[in-house]
Amino acid sequence: MTNTYLDYNATAPVWREVVEAVSRGLAASGNASSVHSAGRAARHMVEEAREKVAALVNAKPGQVIFTGGGTEANNLAMRQVDLGGATVSPIEHDSVLKPLGQGARLRVRSDGVVDLKSIPEQLDGLVSVMLANNETGVVQPVKKLAELCRKRGVAFHTDAIQAVGKISVDWRDLGVQMMSISAHKLGGPQGVGALIVDDTWNGRPLLEGGGQERGRRAGTENIAGIVGFGVAAELVQKNFDAMADVRALRDMLEHGLRAIDPTVIIHGGKAERLPNTVCASMPGVDAETQVLSLDLAGVMISAGSACSSGKVTTSHVLKAMGLDEASASSAIRISLGWHSTSDDVEKCLTAWRDLYTRTRRPQATAAE
Amino acid sequence: MDQRKKPIYLDCHATTPVDPRVAEAMMPYFTEKFGNPHSSGHLYGWEVAEAVEIAREQVAALINAEPEEILFTSGATEANNIAIKGVARFYKKHRNHLVTAVSEHMCVLDSCFQLEREGFDVTYLRVGTDGLIDLNELEAAVTEQTILVSIMTVQNEIGTIQPMAEIGAICRERKVFLHTDAAQAVGKMPVDVKQMKIDLLSLTAHKIFGPMGIGALYVGKKPRVRLEPIFSGGGQEQGLRSGTLAPALCVGLGEALKLAGEDMIEDAARLRTLRDKMWQRLNGTVPGLVLNGSMTDRVAVNLNFSVVGADAESLMAALPGLAVSSGSACSSASEESSHVLKAIGLSSSLAEASLRIGLGRFTTADEVEMATDQLISAIKTVRGGRREIAAAE
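Every value quoted in this text rests on a predicted model; they were computed, and no experiment measured them. (Residues numbered from 1 in each chain as written. Chains lettered and ligands numbered in written order. Predicted model: local features only at pLDDT ≥ 70, side-chain atom pairs only at ≥ 80, totals over all residues.)

Trainee: Could you clarify how one ought to interpret the overall build of chain A in this entry?
Mentor: Within chain A, the regular secondary structure consists of twelve helices and twelve strands. Relative to its length of 368 residues, chain A is compact, with a C-alpha radius of gyration of 21 Å against a globular reference of 21 Å. Taking the principal axes of its C-alpha atoms as reference, chain A extends roughly 80 × 50 × 35 Å. Across the 368 residues that make up chain A, the buried fraction comes to 60%. Contacts spanning at least 24 positions in sequence make up 69% of the contacts within chain A whose residues lie at least 6 apart. (Helix = DSSP H or I, 4+ residues; strand = E, 2+ residues; numbered from the N terminus. Rg over C-alpha atoms; globule rule 2.2 N^0.38 Å. Buried ≥ 20, exposed ≤ 12 C-beta atoms within 10 Å, placed from the backbone. Contact = placed C-beta atoms within 7 Å.)

Trainee: Looking at this structure, how should I read the interface of chain A and chain B?
Mentor: One frequently used descriptor of interface size is the decrease in accessible area upon assembly of the parts. Listed per partner, the contact involves 63 residues of chain A and 60 residues of chain B. When residues of the side of chain A that touches chain B are traced back to their parent elements, those giving at least two are helix H1 (16-27), helix H2 (37-56), helix H3 (70-78), helix H4 (94-97), helix H7 (223-238) and helix H9 (287-296) of chain A. Here the residues of the side of chain A that touches chain B sort into 24 nonpolar, 32 polar and seven charged. (Nonpolar A, V, L, I, M, F, W, Y, C, P; charged D, E, K, R; others polar.)

Trainee: I would appreciate a short explanation of the environment of Ser110(A) in the present structure.
Mentor: Residue and element names in this part refer to chain A. In this fold, Ser110 is placed in the loop between strand S4 (104-105) and strand S5 (126-128). The exposure class assigned to Ser110 is partly exposed, which follows from the 14 C-beta atoms found within 10 Å. Sequence-wise, Ser110 and Gly268 are 158 residues apart; in three dimensions their C-alpha atoms are separated by 7.6 Å.

Trainee: I'm lost on the sheet that holds strand S3 (residues 87-88) of chain A in this one. Help?
Mentor: Adjacent strands of a sheet form backbone hydrogen bonds with each other and so pair up, either parallel or antiparallel. Residues and elements named next belong to chain A. Pairing within the open sheet is mixed, and its seven strands lie in the order S2-S8-S7-S6-S5-S3-S4. The open sheet has two edge strands, strand S2 (64-67) and S4, and neither has a second partner. Across four bridges, the pairing between S2 and strand S8 (residues 193-197) is antiparallel. If you follow Ile65 over to S8, its bridge partner there is Leu195. Each of S2, S5, strand S6 (155-159), strand S7 (178-182) and S8 touches H3; the most contacted strand, S8, lies at about 30° to it. (Pairing = 2+ DSSP bridges. Axes fitted to C-alpha atoms, helices over the stretch in contact; angles between N-to-C directions.)

Trainee: Is there a simple way to explain the confidence of the model for chain B in this structure?
Mentor: A low pLDDT means the predicted coordinates there should not be read in detail. Confidence along chain B averages 94 in pLDDT terms, with 96% of residues attaining 70 or more. Model confidence for the complex: the whole-complex pTM is 0.92, and ipTM, which rates the interface, is 0.89. (pLDDT = per-residue confidence, 0-100.)

Trainee: Sorry, what's going on with H2(A) here?
Mentor: All names here are of chain A. Between its terminal C-alpha atoms H2 stretches 29 Å, which fits the 28 Å expected from 20 residues at 1.5 Å a residue. The complete set of buried residues in H2 reads Ala38, Gly39, Ala42, Met45, Val46, Ala49, Arg50, Lys52, Val53, Ala54 and Leu56. With its phi angle positive at about 60°, Asn58 sits one or two positions after the end of H2. (Expected span 1.5 Å × (residues − 1).)

Trainee: Please explain the environment of Gly25(A) as it appears in this structure.
Mentor: Residues and elements named next belong to chain A. Inspection of the secondary structure puts Gly25 in helix H1. Taking C-alpha positions, Gly25 is 18 Å from Gln212, a pair spaced 187 residues apart along the chain. Residues in contact with Gly25, not counting those within four places in the same chain, are Met45, Ile223, Ala224, Val227 and Gly228.

Trainee: What should I look at first to understand the pairing of S6(A) in this one?
Mentor: Side-chain direction in a regular strand flips from residue to residue, so the side chains alternate between the two faces of the sheet. Residue and element names in this part refer to chain A. Within S6, five of the five residues are buried, leaving the element largely enclosed by the surrounding structure. Side-chain alternation along S6 places Ala155, His157 and Asp159 on one buried face and Phe156 and Thr158 on a second face that is also buried. Where S5 and S6 come together, three bridges link them in parallel fashion. Residue pairing in the sheet places Val127 in a bridge with Phe156 of S6.

Next comes the structure, spelled out in structure tokens:
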């Protein structure tokens, strides 16, 4: 049985070219801070990757701070302020929410979009709103929010981890002060990410020591990972047109789900979304059952986000959108990507239809 | 680059080449096994989660810890930051003092400086010319306010091995936690957290023929050490270190430590002989060399010496066929001379005339022989050049 992987928002398959680049990176010996030729070669690889990552989001290479992943990038951004003082949306990833204590929360409308009217009069410290939500794919009005914060003199951070590569992300146009990105959501290796910061950034590092990343993030640079990140950035930029096909597949999938059960709810379906993400509820069937049944049929999807999927808790994202417990607990996330095919969509629909039929039959029997 | 013309790599304290066996073990986790180890709903998640746990067992095994006492981090710098800042901040309501040594790695010292800004007191122990701390001074430094003692197992510039078992005994008796930065020790010499009574230990893969970007922090459960995380989020690694784990990197670390465990004793004996021969020949041929640190309490793969009447920058420039360093890699880009060499009492001029040699698993006797030739000739050239300049002036 060949497997159908439709969990790109958890992690994306690594591009073949990235694997080759990582392989070269592992074979190169040299610490990027060493002054001898092996060190200089390593430094060159890091800086070349930095240019590629910067180019993907239209930033300058000097604005890219490499980190050990998206979580670290988000923490680096959030921990710049007194943790009580930040304002965030309630649908942020845990790596933005958890560093905070009792920071203010914005409201989210039922379509999954942050309500601009909920911005408090009093703002201080930092505002953080993600560019696109990892569970629903709903795109947030970050440019407008950033402009509003700029007028009020408040710093703005956006977690763009799910958005980059799937929609056009232009750092300069967004006008934010900090933006987090991660390699493994782009088909790069796990264990590397970046925080993009504006030229005035003078933040306090989380990791102190050898002075790497211009004193902003200590620790020997993960050469192979960073090189792989660079190649992945280049590839998603080159393959950006593929997202139009992904959107068509996604629409086909949603159409198929509704054809099986017209009562299926697509969360955030009325808002602008990432082209690859479907968050849907099959009324009456809990998410865990759906995920495991599809897994048995060789289709990999998830219930909510991967990090929290080990725990059986209702999605904080769907709750914030006003969903009741029952609808939220039956929500699954199907996320497509660069390598998805119409075959994948068919298999997913078939498996889901089988489950739907099975779960409906006992009730029919009982009625007979 | 032409492989034959590649410089001889004797900078294994900065980083080591990845063992091909390690790279091979990692590759499937970039290709078919690419899942997110925290995806609990499907096979792609399960298979990599299992690989991560095997790696955790391999890490634990080498230092005689339990797998649940191992947290994966992005490297030793992160492990050291979490250990020192994390433990201090967790216990700050009750106590406010830490003890470390002046010769620690910058990431330990910088973490301590940050804690001082947060209101903690830190005692920085002196070290002797041999690089060793004085155990009596350690005993005297520990007070009722002390939370943590942090002493590195092996010094990264001069290779000094601290008596961890004795330090551990003192700390356990005084009921303070002991952290050790063992980045340069694990895989090169036996390290046993139970026998040495170590409560927290940082290690990294890329110093022991594994990949960069992965390390681990051992956090003991008996007695239980609590700490405040530096990153929070998805709650991975028992909530102490959030972030998607990189299975390929975890597997690389596990494999690297497994191999080190198998080869450590033999490798150390062979490299010690090569290192000793190198020093004997250098010291016997070239006058005016000063060994930095002790030859007895020294890790087998390290050599560090200063060249009277020369400077490291000119020496390095005269050694194009050799990859060695002056001081540590992290600080080598900066112009300042080594805080470690100053700590063992070197003058600025001698500290700026030092070379650090780090041998490794793939270093051959031939390479050491050729490197020694090059060193002898480079020292003569640099000193000769200096005399000419002096004569001309």
